Amino acid sequence: MVDKNQQVIDKTLEQEYKYGFSTNIEETKFEPGLNEDVIKKLSKIKKEPQWLLDWRLKAFRNWEKMSEPTWANIKYEPIDYQALSYYAAPKQLKNDSLDDVDPEIIETYNKLGISLNEQKRLQGVAVDAVFDSVSIATTFKKELSKHGIIFCSFSEAVQDHPELVKKYLGSVIPATDNYFAALNSAVFSDGSFVYIPKGVKCPMELSTYFRINATNTGQFERTLIVADEGSYVSYLEGCTAPMRDENQLHAACVELVAHKDSTIKYSTIQNWYAGDKEGKGGIYNFVTKRGTCLGDNSKISWTQVETGSAVTWKYPSVIMQGDNSVGEFYSVAVTKNKQQADTGTKMIHIGKNTKSTIITKGISAGEGQNTYRGGVKILKNAENAQNFSQCDSILIGDKCGAHTFPYIDVNNPTAKMEHEATTSSIGEDQLFYCNQRGIKLDDAVSMIVNGFCKEVFEELPMEFAVEAKQLIEVTLENSVG
Amino acid sequence: MIDILKKISSDFFNKQGYPSKKLENWKFTSSKNLIKFDKQDSPDIVSRKIETDESTLLFINGKLCLDTLENFKFKDNLEIQDLVNINDENVFAFSNTFSNDSMFNLGMSDFESGHYIKFKKNTTLENPIKIINFFENNSSDCRITSFNIFHFEEGSQVSIIEKDINEGTPSFNLKLNKFICDDASNLKFGKYIEEKSDCHLLSYSYYEVGKDVCLNIDSMNKNSIFSKEFIEIDLNNTGSDAKINILNLVKNEQHLDNNILINHNAEHCTSFQHVRNILDNKSTAVFNGKVIVAEGAQHTDSNQSNKNLLLSLDSTAFSNPQLEIYADDVSCGHGSTTGALDENSIFYLRARGIDQSSAQKMLIKAFAKEVIDEFSLSSVQDISEIALDSWING
């Protein structure tokens, strides 16, 4: 049994990354290196107002004084920030109609299966696609604007809605928040901006697709979502990158602001190139994601499925400021080969009757290292705050690792805090049960793992849930513990 | 030997200084309170006669009192040496966590004399022996350091109850201990700390565990103004079992910190941590528990449980149950809860004619009893229960 399992595991681990092609298009790229002039040049290309340039420079000066965090349970080669290029864009810049976008890029996105073309309108997902540093096209813009919804690239937002950007940019993640956030604040090149006006329920799911194409570039995008009073929005994010030998850096910031009675649902499927079997290449994914429930009864929900990136460092957080606000975090993280993930969440309860739920499922295979790091903080005035955390891990193979580091600080006795975690391999008895009923080993594992992740998949929007399920199947198909 | 170690430690401390809050192990406990204490030079003053019986070993300011040894019932089972005479560096080996902790190094550089106490092969003691740590001093703000090594040889079965007594001016007691448990030994170690004076306690206990060992650690801590205890267990061989049960009662502005690390370095070992804190007034409690399952340590079964009961608005509990697992065929879990007394349970009792205060006391007691019942030594259970009652009513 063991031998057979091993074969199956090996076979799975040999599966290749299907999105690892690169696109040959003409690109404008900055020379590698980072200094104030680069930031000024970047800001000038983007025709940014003075305040934004000042903000970037302030972040940059702070970043220079900061040192890279070392507390995370990950190991990687030091990053030479001066060797990276901080801006790369396809030469033909975007126009109003999709016809003007370089057909190669459209082809790329078609390969990725994104509904960039309006012919896929039936799927009803509005997409903002970010290719390297710039946003290529935003679909369904006109229809969304009928409802007063602003969904555009960050650069456009800076030009068209400077008052909103100025008000909210950095309000959740200050420019000096942490090393990678400061870097992002200094050099972010584009991203998505969403504003849902009062009382509007966004009629379709909004989506961004990130793709790193150019070599030796870092991708630094910034997403800002503001949900005004009583509004609702569901936002999807997907990521891929070509297979390259060198490591590429992705340091993004996502800020969510939920006003009174509003709900933001943010789902991510992350499928960056994870490096080859020896751990060569792949994306370093150092992302800061945070949301604030500013108003009463607001809700922010993060759902993530992580199968890609060589190293992940990511803690989507919720600050529950308004009374009765709700924070949720659902996550499935898969690591195989030499992938490392240090991911989790922070739930900060400030308002009364605030409630948070954390459900994470970690799956480690091969030599993958999977760490859950979570913080639950219940502050003194957070009366009747409630938290439930559950972190389960499955280990497949004897060279992988699963780690759990929850930090729980409770300052209020009316709070109810529960944390549970289990770590185990896939039970021989479970496999035996399935085998006995004529289910093949491969299918049995897929079934068990999907069952294990079900609680999280249920939180995903429909088409994403299907994708996530397939992604897990592809990644772990045939694996047994 | 010991001089070299002391030199290394003193260099280490001089370089590092007092630990800052940036260090993971000191994140929730400030070492600031400890800085004012200076090394005590002549810690031999004893003004009070301590009553001891024939099963007691008395340590005065960290030094074994040789008089009590004369009357000690089991002295034939023991082999005692001054640490100065020991040249085996394995005896002094500590884990990296301790060796890299500056307070531990301060203790190592500080201590003046200590003993190596060996329980001979196949020693079986029916009744528990008592260890009394008596601390006394008359100068204010002094630091008293003790360092002793206990060695349980193959097949020995020993139960120990340890108790601290403080007299005179409040001091800072820095305790370093090492326990070597050889194959097939069985150690039950019960600790009972009830502070009456404002002593600060910082203790480091390192357990080196061999094959098929059964290790039980029971601890009850009440009213320490400042207490931080490090426990590290290395399960180095197969078939061993380590159980830790701790109950802490804290109130006023007391601060209490349990730092537990269990290393599963071999297959087929089990470990269990159960820590409960009851907090009142402005007190704080920290649970920093960690289990590391090394590569190849298959069939490990490990569990951590931390429960905090907050009785007042101003009390704070920090709970960090952590797992680091590098083997796949294991079963590890942890649970942590923090909250106040359950309203429904109080209502249930009130509905049956029990007044509010009695109902609360009953529930607090029930919460604490669940740990006390797990204690391996019945005498520690008894003392703890009495201490608990007086704490609840006091």
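Residues numbered from 1 in each chain as written. Chains lettered and ligands numbered in written order. Predicted model: local features only at pLDDT ≥ 70, side-chain atom pairs only at ≥ 80, totals over all residues. Heavy atoms only, no water.

1. As for the interface of chain A and chain B
Now for step 1: At the interface, 32 residues of chain A touch 36 residues of chain B.
Now for step 2: Taking both partners together, chain A and chain B bury about 2,600 Å²; carbon and sulfur atoms supply 48% of that area.
Now for step 3: Inspection of the region where chain A meets chain B yields 1 salt bridge.
Now for step 4: One salt bridge in this structure joins A:Lys380 and B:Asp314, with 2.7 Å as the shortest N-O distance.
Now for step 5: Where chain A packs against chain B, one counts 17 residue pairs in polar contact (both at pLDDT 80 or more).
Now for step 6: Breaking the side of chain A that touches chain B down by element, the ones donating at least two residues are β24 (401–410) and β25 (416–425) of chain A.
Now for step 7: Of the residues assigned to the side of chain A that touches chain B, the class counts are 12 nonpolar, 13 polar and 7 charged. (Contact = heavy atoms within 4.5 Å. Buried area = accessible area lost by both parts, 1.4 Å probe. Salt bridge = Lys/Arg side-chain N within 4 Å of Asp/Glu carboxyl O. Polar contact = N/O pair within 3.5 Å; in protein donor to acceptor, adjacent residues only side chain to side chain. Helix = DSSP H or I, 4+ residues; strand = E, 2+ residues; numbered from the N terminus. Nonpolar A, V, L, I, M, F, W, Y, C, P; charged D, E, K, R; others polar.)

2. Some points on the packing of aromatic side chains
Now for step 1: Counted according to the given criterion, the structure contains 41 aromatic pairs over all chains.
Now for step 2: Aromatic side chains B:Phe179 and B:Phe189 sit 5.0 Å apart centroid to centroid with 65 degrees between the ring planes, which places their arrangement in the edge-to-face category. On the criterion of sequence distance, the pair formed by B:Phe179 in strand β9 (residues 172–181) and B:Phe189 in strand β10 (residues 186–194) is long-range, its members being 10 residues apart.
Now for step 3: By relative accessible area, B:Phe189 is classed as buried at 2%.
Now for step 4: Each ring, one from B:Phe179 and one from B:Tyr207, has its centre 4.5 Å from the other, and the planes form 10 degrees; the classification is stacked. Taken as a pair, B:Phe179 in strand β9 and B:Tyr207 in strand β11 (residues 200–209) lie far apart in primary sequence, 28 residues in all. Neither residue differs from the other here; B:Phe179 and B:Tyr207 are each classed as buried.
Now for step 5: Three or more aromatic residues joined by ring pairs form one cluster here, namely A:Phe60, A:Trp63, A:Trp71, A:Tyr76, A:Tyr81, A:Tyr179, A:Phe180, A:Tyr284, A:Phe286, A:Trp313 and A:Tyr315.
Now for step 6: Sitting over the ring of A:Phe188, A:Arg222 keeps its end group 5.8 Å from the ring centre. (Phe/Tyr/Trp six-rings, centres within 6.5 Å; stacked < 30°, edge-to-face > 60°. Buried < 20%, exposed > 50% of the residue type's maximum accessible area, 1.4 Å probe, protein only. Lys NZ or Arg CZ within 6 Å of the ring centre and 35° of its normal.)

3. Some details on the side chain of B:Lys118
Residue and element names in this part refer to chain B.
Now for step 1: Note that Lys118 resides in strand β5 (residues 115–119).
Now for step 2: Judged by relative accessible area, Lys118 falls into the buried class, the value being 14%.
Now for step 3: With residues up to four places along the chain from it excluded, the contact list for Lys118 reads Asn77, Leu78, Glu79, His151 and Glu153.

4. Focus on the confidence of the model for chain B
Detail in the predicted coordinates should be disregarded across regions flagged by low pLDDT.
Now for step 1: Scored by pLDDT, chain B has a mean of 89; 97% of the residues are at 70 or more.
Now for step 2: Interface confidence for the predicted complex, given as ipTM, is 0.72, next to a pTM of 0.79. (pLDDT = per-residue confidence, 0-100.)

5. Description of the pattern of salt bridges
Now for step 1: Within the structure shown, the criterion is met by 29 salt bridges over all chains.
Now for step 2: The salt bridge partner of B:Lys118 is B:Glu153, with a shortest N-O separation of 3.6 Å. Pair noted here: B:Lys118 is in strand β5 and B:Glu153 is in the loop between β7 (142–152) and β8 (157–168), with a separation of 35 residues, a long-range link.
Now for step 3: Among the residues examined, B:Glu153 registers a relative accessible area of 21% and is labelled partly exposed.
Now for step 4: The network of salt bridges with shared partners includes A:Lys361, A:Asp392 and A:Glu455.

6. Some words on the environment of B:Thr284
All names here are of chain B.
Now for step 1: Note that Thr284 resides in strand β17 (residues 284–293).
Now for step 2: Given a relative accessible area of 17%, Thr284 falls into the buried group.
Now for step 3: With 255 residues separating them in the primary sequence, Thr284 and Thr29 have C-alpha atoms 9.5 Å apart.
Now for step 4: In this structure Thr284 touches Gln254, His255, Leu256, Leu279, Thr316 and Phe318, once residues within four positions along its chain are discounted.

7. As for helix α5 (residues 102–110) of chain B
Residue and element names in this part refer to chain B.
Now for step 1: When you tally the buried positions in α5, you get 9 out of 9 residues, the bulk of the element.
Now for step 2: For α5, every residue scored as buried is listed here: Ser102, Met103, Phe104, Asn105, Leu106, Gly107, Met108, Ser109 and Asp110.
Now for step 3: If you check the start of α5, you find a side-chain oxygen 3.0 Å away from the backbone N of Met103, and it comes from Asp101.

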